Number of protein chains: 2
Amino acid sequence: MIQQDAALVCFSGGQDSTTCLFWAKKHFSRVEAVCFTYGQKHSLEIEIARTIAGQANVPFHLLDVSLLGQLAPNSLTDPSIRMDEDKPADSYPNTFVPGRNMVFLTFAAVMARNKGIFHLVTGVSEADYSGYPDCRDTFIRSLNVTLNLAMDEQFVLHTPLMNRDKKAVWQLSDELEVFDLVRNQTLTCYNGIPADGCGSCPACKLRKEGLDSYLETKNK
Amino acid sequence: MIQQDAALVCFSGGQDSTTCLFWAKKHFSRVEAVCFTYGQKHSLEIEIARTIAGQANVPFHLLDVSLLGQLAPNSLTDPSIRMDEDKPADSYPNTFVPGRNMVFLTFAAVMARNKGIFHLVTGVSEADYSGYPDCRDTFIRSLNVTLNLAMDEQFVLHTPLMNRDKKAVWQLSDELEVFDLVRNQTLTCYNGIPADGCGSCPACKLRKEGLDSYLETKNK
């Protein structure tokens, strides 16, 4: 049975996907969340995601795709590879797992279909584009077509953050009335520290720049 | 380093993918095989695949995507669901795992890229089309574009059987000089019996019809 008013959110407990979770709750009457684990260094990330989903009263599903980490070693899944402090100028950051979003969204679609859900929500953005090709709008649109052909269904992929930089994501969370929740509970930091994080990894820098910029505008 | 003359074959040890394995060996100087396990009833299938790959002198990789079976229950992975003797007229056969080929090919692409391989070979066919949307040429072409966008690479998906019915697949195996190997060693039967199989499941019927038809033409 198709649930026209239901959505499945790809959810990690970070700033972006938490904002998407509450965006989905505003736009759909039934929302579920799926979290992917693939050998991340920080299992705290999963517990944070589970807690936030519970607070949002959203069913939480955990899928173990650790196979992905075995296929393409990288610094997020392999402790022996040192995290880059900054993105190398001439290549992807070494946190990049090629094809990661494609694997996540394909599994999410299989799971959603089994539940009669055909709206999928993901927090990818090309505004503060980190060099990940699978965050681009063109990729998402192509994937949407491929998923529909693969399963002969009519999935709709939603990317509410696609054109929002981090400042605009903070603004959206404020509009959705979850600014404090996102600021105090989410985990974005590559070094596994919730809320404002370590302050020095690329994810913390990006998050803080956006936050400072949004607060400056808001307090004017 | 891109290996222009290398291919990764999605390989199950069945008639179709075994024919594709030897097709790839004819067209590429370096060939590897990847076999997906997802809770199939018959682990014999995997051992047969491993044996044939060994005989072909092709590196054999096994990927456990049993997660897929958990997401969408069906008769291939769940012994409590009875195998249909024949395909229901108005729906998919109940061996259908929605999105299966998309998951397999996406993982294969991630693995291939990590090896510097960008040619992927799969034995899907729309000639004796069983109602699986992810065997259609349109799906494969869309997937090819999506994979390239996802990873910013230039994968090429090869489907040597796309327009061959089972008779033509037998003919191809004969041209590739592996007719006897395919006939005597592969496992296609849903009930897990190698070579000519149980004779009564849909896969055995299809295989036998093609074989009889090819032998009739050949012996004229």
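Basis of the calculations
Residues numbered from 1 in each chain as written. Chains lettered and ligands numbered in written order. Predicted model: local features only at pLDDT ≥ 70, side-chain atom pairs only at ≥ 80, totals over all residues. Heavy atoms only, no water. Helix = DSSP H or I, 4+ residues; strand = E, 2+ residues; numbered from the N terminus. Buried < 20%, exposed > 50% of the residue type's maximum accessible area, 1.4 Å probe, protein only. Contact = heavy atoms within 4.5 Å. Least-squares fit on C-alpha atoms with pLDDT ≥ 70 in both. Buried area = accessible area lost by both parts, 1.4 Å probe. Salt bridge = Lys/Arg side-chain N within 4 Å of Asp/Glu carboxyl O. Polar contact = N/O pair within 3.5 Å; in protein donor to acceptor, adjacent residues only side chain to side chain. Nonpolar A, V, L, I, M, F, W, Y, C, P; charged D, E, K, R; others polar. Phe/Tyr/Trp six-rings, centres within 6.5 Å; stacked < 30°, edge-to-face > 60°. Lys NZ or Arg CZ within 6 Å of the ring centre and 35° of its normal.

1. A closer look at the environment of P59(B)
Residue and element names in this part refer to chain B.
Argument step 1. Inspection of the secondary structure puts P59 in the loop between helix 2 (44-55) and strand 3 (60-64).
Argument step 2. What makes P59 partly exposed here is its relative accessible area of 39%.
Argument step 3. The spacing of P59 and V34 is 25 residues in sequence and 8.5 Å in space, taken between C-alpha atoms.
Argument step 4. In contact with P59, other than residues within four places in its own chain, are V31, E32 and A33.

2. Brief notes about the relation of the copies chain A and chain B
Argument step 1. Turning chain A through 180° and shifting it by 0.0 Å along the axis lays it on chain B, with an RMSD of 0.0 Å. Here the copies are linked by what is in effect a two-fold axis.

3. Some remarks on the interface of chain A and chain B
Argument step 1. Across the contact, 34 residues belong to chain A and 34 residues belong to chain B.
Argument step 2. Counting each side, the surface lost to burial between chain A and chain B is near 3,000 Å², with a carbon and sulfur contribution of 74%.
Argument step 3. Applying the counting criterion to the chain A and chain B interface returns zero salt bridges.
Argument step 4. At the boundary of chain A with chain B, the tally comes to three residue pairs in polar contact (both at pLDDT 80 or more).
Argument step 5. Going through the elements one at a time, strand 3 (60-64), helix 3 (67-71), helix 4 (100-114) and helix 5 (137-151) of chain A are the ones with two or more residues in the side of chain A that touches chain B.
Argument step 6. With 10 residues, the single largest contributor to the side of chain A that touches chain B is helix 5 of chain A.
Argument step 7. Class assignment of the residues belonging to the side of chain A that touches chain B gives a composition of 23 nonpolar, six polar and five charged.

4. Examining unusual backbone geometry
One can expect most non-glycine residues to show negative phi and most peptide bonds to be in trans.
Argument step 1. Positive phi, close to 65°, is recorded for E177(A), a residue that is not glycine.
Argument step 2. Topologically, E177(A) is positioned in the loop between helix 6 (166-175) and helix 7 (179-185).

5. Here we look at the packing of aromatic side chains
Argument step 1. Tallied over the full model, the rule gives 11 aromatic pairs over all chains.
Argument step 2. With a centroid separation of 6.1 Å and an interplanar angle of 45°, the aromatic rings of F179(B) and Y214(B) are classed as tilted. Pair noted here: F179(B) is in helix 7 (residues 179-185) and Y214(B) is in helix 8 (residues 202-218), with a separation of 35 residues, a long-range link. Like F179(B), the residue Y214(B) is buried in the burial classification.
Argument step 3. Of the aromatic side chains, those joined through ring pairs into one cluster are W170(A), F179(A) and Y214(A).
Argument step 4. Here the basic side chain of R100(A) rests over the ring of Y132(A), its NZ or CZ set 5.8 Å away from the ring centre.

Function-wise, these values are silent; they only describe arrangement.
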